[in-house]
Amino acid sequence: MRLYAAAVYLFLYIPIGIIVLFSFNAGRHASDFQGFSVEWYGKVLGNPFAMEALTTSVIVAGLTAVFASVFGTMAALALQNVRGRVRILYDGAIYIAIMIPGIVIGIATLIALVTLFGHLNSLLEAVWPGGPGVAPRLNLGYGSLVAAHTLFTMALVIVIVRARISGMDRALVEASADLYATPWGTFRQVTLPQIFPAVLAGFLLSFTFSFDDFIIAFFVAGSQTTLPVYVFSSIRRGVTPEINAIGTMVLGVSLTLLVIAQFLLRRRREPAPAPE
Amino acid sequence: MQPAWVTRLLLLPATLWMLVMLVLPLLVVLVFSFGERGAAGGYVPAFTFAQYLNLPARFTAFQNTLMLAPVGTVVCLLVAYPLAYFLAVKVDPRYRTLLLVLIIVPFWTSILIRTYAWIYILGGQGIPKLLEFAGIEGVRLINTRFAVLTGIVYGYLPLMVFPIYVSLEKLDKRLLEAAADLGSSPLAVFRNITLPLSIPGVATGCMLVFILLMGEFLIPALLGGGKVFFVGNALVDLFLQSRNWAFGSAVAATLVIVMLVTVGLYMRLMRRRGVNREDVSLF
């Protein structure tokens, strides 16, 4: 039993280990490790395309995380007071947003936004002073990336924060109100401190998801290139140790954020090891 | 209790987002699937079932998906169950949280990078090269069904382990002891108690993995080398290369319908077994 578990953990982690190991390889090939070198990291840092893709990814992931955690928390706070048919409607939408494959979201967003922007652009050209040519044009890019990533991550934040709220002691909120705190005061001094770890975990998970997402970005990035899209097209052109270096950095970022998120979600909840 | 206007205001951004980024796009896909392809790609309004009738043109993609998705799900289950059992019943509780975190973490890291690692491992310079040293030549692993299946199990294992773990962890351990005290063999205990009580977790895990596999694109694209073609690959081709939005929408709508039917069947199965809602905890 123990041996089996160990084998599965090796299966999960050896590929990651190989990426990390060979990102420090002085040679080019997987079969021969020719000594330690940070050469490939230098190559990545000096590659303007990779750096631009990285910047785009960080901006998109940052904005996504902010929108998702703020709007998701607001919705979670509101939904505790919503019952009946409306509640079922929202729960259904949240469930669908989480479960629907990224590829369907990518496609649907692509054709919906391209069509919508097409109509809006002709409208803008018609009403803009100065006429066609001067009028601003709506295009796929940062906006569509952030909007599409926020859909899934917001649903995720709602689920995480709601789980925290339901584990909260309602008596504290009532006590605070009895002691003449304003609703805003109660929120700031009682509710917020209690749900904050969940909000922060949601923020980090949202950032990670957006930063790692390939399939949605593949469809809705427009003229922008995120880091996963860049890596995908590089792989198509051939496997190079440079991708290992990028991969190691990407894994490093996600692993750090994830471990912090897990820590935040699990704190004060032992011994129950499986939070929703 | 919040006043009603506060509740509405708090829900406003999320509602707008759901409407514009979820409901509207899905409706557009549905409408487009009844349309026609424009001369230069894109979409021309119409009401025709031509796109749906044309679905057999992508038969191979559906066939591959509907074959490899269940196979992948079952292999995932076979690998995941013993691990989940180990984590829920056998492991020293002190290390349990750490071991669980170690399972979830890979799931949340870049699937692209993790799949890419397998190109390295299964590719010409990886395992086949090692086998050559051992005297076995001419083994091809990359761009085969085996490679795609490996990628699938690797990518989706955590999603299967967790629901099973949750259902096994809730299981009353005293039942196991009682059965053993009454003379049941370990195998009988497993078959009569552990397995039936873990069915909700198994069903949840299978459903999650199956649904996500239906829409998979990356793993067949990177490890199947264009030879093992999924519906997801057909969709990328239809939307980004041939720009046939109407037909692509019909393929996407069919995919979503197959997934909804799967979830529907699952829900019914669960209700019949008297399970209200299984907690799925991957966050």
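Residues numbered from 1 in each chain as written. Chains lettered and ligands numbered in written order. Predicted model: local features only at pLDDT ≥ 70, side-chain atom pairs only at ≥ 80, totals over all residues.

Please provide a residue-by-residue account of the overall build of chain A, values included.
Broken down by element type, chain A carries eleven helices and zero strands. Taken from N to C terminus, the helices and strands of chain A fall in the order α-α-α-α-α-α-α-α-α-α-α. Judged by the C-alpha coordinates and their principal axes, chain A covers about 70 × 70 × 30 Å. Out of the 276 residues belonging to chain A, those deemed buried represent 43%. For chain A, long-range pairs separated by at least 24 residues make up 76% of all intrachain contacts whose partners lie at least 6 apart in sequence. (Helix = DSSP H or I, 4+ residues; strand = E, 2+ residues; numbered from the N terminus. Buried ≥ 20, exposed ≤ 12 C-beta atoms within 10 Å, placed from the backbone. Contact = placed C-beta atoms within 7 Å.)

How would you sum up the overall build of chain B? Please name residues and give values.
The number of helices and strands found in chain B is 13 helices and zero strands. For chain B, the α and β elements follow one another from N to C terminus as α-α-α-α-α-α-α-α-α-α-α-α-α. Each principal axis of the C-alpha distribution contributes one length, and for chain B these read about 75 × 75 × 35 Å. Of all 283 residues assigned to chain B, the portion counted as buried reaches 46%. Sequence separation of 24 or more characterises 75% of the internal contacts of chain B that already satisfy a separation of 6 or more.

Outline the packing of helix 1 (residues 2-23) of chain A against helix 5 (residues 111-122) of chain B, supporting the account with residue identities and numerical values.
Helix-helix packing: each pair is described by the crossing angle between the helix axes and the interaxial distance. Interaxial distance between helix 1 of chain A and helix 5 of chain B falls to 9 Å at its minimum, and their mutual angle equals 80 degrees. On the basis of the axis angle, helix 1 of chain A is roughly perpendicular to helix 5 of chain B. Between helix 1 of chain A and helix 5 of chain B, the residues in contact are P15(A), I16(A), I18(A) and I19(A) and I113(B), R114(B), A117(B), W118(B), Y120(B) and I121(B), respectively. Class assignment for the residues of the contact of helix 1 of chain A with helix 5 of chain B results in nine nonpolar, no polar and one charged. (Axes fitted to C-alpha atoms, helices over the stretch in contact; angles between N-to-C directions. Parallel < 35°, antiparallel > 145°, perpendicular 65-115°, else oblique. Nonpolar A, V, L, I, M, F, W, Y, C, P; charged D, E, K, R; others polar.)

Which residues make up the interface of chain B and chain A, and what are the values?
Taken together, the contacts link 68 residues of chain B with 70 residues of chain A. Looking at the side of chain B that touches chain A residue by residue, the classes come out as 50 nonpolar, twelve polar and six charged.

Run through the nonpolar core, naming residues and quoting values.
Among the nonpolar cores identified, the biggest contains 170 residues, and I107(A) and A84(B) are the most heavily contacted of them. No fewer than three residues from each of domain 1 (1-37) and domain 2 (53-266) of chain A sit in this core. Contacts of A84(B), omitting those with residues within four sequence positions, involve V161(B), I164(B), Y165(B) and L168(B). (Core = buried A, V, L, I, M, F, W, Y, C linked by C-beta atoms within 7 Å. Domains from an automatic or database assignment.)

Can you break down the confidence of the model for chain B residue by residue, with the values?
Note: predicted coordinates in regions of low pLDDT should not be interpreted at a detailed level. All names here are of chain B. Of the residues in chain B, 96% have a pLDDT of 70 or more, and the chain-wide mean is 86. Taken element by element, chain B is modelled with least confidence in helix 6 (residues 127-133), mean pLDDT 80, and with most confidence in helix 1 (residues 4-32), mean pLDDT 93. Scored below 50 in pLDDT, residues 276-283 makes 25 contacts in the model with residues more than four places away or belonging to other chains. At the level of chain-chain contacts, confidence expressed as ipTM amounts to 0.85, with global pTM at 0.87. (pLDDT = per-residue confidence, 0-100.)

Lay out the packing of helix 3 (residues 48-79) of chain A against helix 1 of chain B with the relevant residues and their values.
For the pair helix 3 of chain A and helix 1 of chain B, interaxial distance at closest approach is 8 Å and the crossing angle is 130 degrees. When the axes of helix 3 of chain A and helix 1 of chain B are compared, the pair comes out oblique. For the element pair helix 3 of chain A and helix 1 of chain B, the recorded crossing hand is left-handed. Every residue of helix 1 of chain B that contacts helix 3 of chain A at F71(A), G72(A), M74(A), A75(A), L77(A) and A78(A) is listed here: T7(B), L10(B), L11(B), P13(B), A14(B) and W17(B). Of the residues assigned to the contact of helix 3 of chain A with helix 1 of chain B, the class counts are ten nonpolar, two polar and no charged. (Left-handed = near helix turned anticlockwise from the far one by under 90°.)

Tell me what's going on with the environment of A75(A), and back it up with residues and numbers.
Structurally, A75(A) can be placed in helix 3. For the pair A75(A) and V20(A), spaced 55 residues apart in sequence, the C-alpha separation works out to 40 Å. When residues no more than four places from it in sequence are discounted, the contact partners of A75(A) are I158(A), L10(B), L11(B) and A14(B).

Tell me about the domain arrangement of chain A, and please be specific about residues and values.
Residues and elements named next belong to chain A. Entries for chain A in the domain assignment read domain 1 (1-37) and domain 2 (53-266). For domain 1 versus domain 2, the separation of C-alpha centres amounts to 32 Å. Listed per partner, the contact involves seven residues of domain 1 and six residues of domain 2. Across the side of domain 1 that touches domain 2, the residue classes break down as four nonpolar, two polar and one charged.

I'd like a rundown of unusual backbone geometry, residues and numbers included.
All names here are of chain B. In the Ramachandran plot, N143 falls in the positive-phi region, its phi being about 65 degrees despite a non-glycine side chain. Looking at the secondary structure, you find N143 in the loop between helix 6 and helix 7 (145-170). Even without glycine at this site, R243 takes up a positive phi of about 50 degrees. Its place among the elements puts R243 in the loop between helix 12 (231-241) and helix 13 (245-272). What makes R243 partly exposed here is the crowd of 14 C-beta atoms within 10 Å.

Could you give me a rundown of the environment of R28(A), with the residues and numbers involved?
Residues and elements named next belong to chain A. Within the fold, R28 resides in the loop between helix 1 and helix 2 (39-45). Overall, the presence of 13 C-beta atoms within 10 Å leaves R28 in the partly exposed class. Between the alpha carbons of R28 and V239 there is a distance of 9.5 Å; along the sequence they are 211 residues apart.

Which residues make up helix 4 (residues 93-108) of chain B, and what values do they have?
Taking 1.5 Å per residue as the helical rise, helix 4 of chain B with its 16 residues ought to reach 22 Å, and the 24 Å between its terminal C-alpha atoms agrees with that figure. Buried residues in helix 4 of chain B make contact with helix 1, helix 8 (183-212) and helix 11 (241-266) of chain A together with helix 3 (59-90), helix 5 and helix 7 of chain B. (Expected span 1.5 Å × (residues − 1).)

If you had to explain the environment of S210(A) to someone new, which residues and values would you point to?
All names here are of chain A. With respect to the helices and strands, the residue S210 is situated in helix 8. Here the alpha-carbon distance between S210 and L63, two residues 147 residues apart in the chain, equals 9.5 Å. Setting aside residues no more than four positions away along its own chain, S210 makes contact with V60, A61, T64, A65, H149 and T153.

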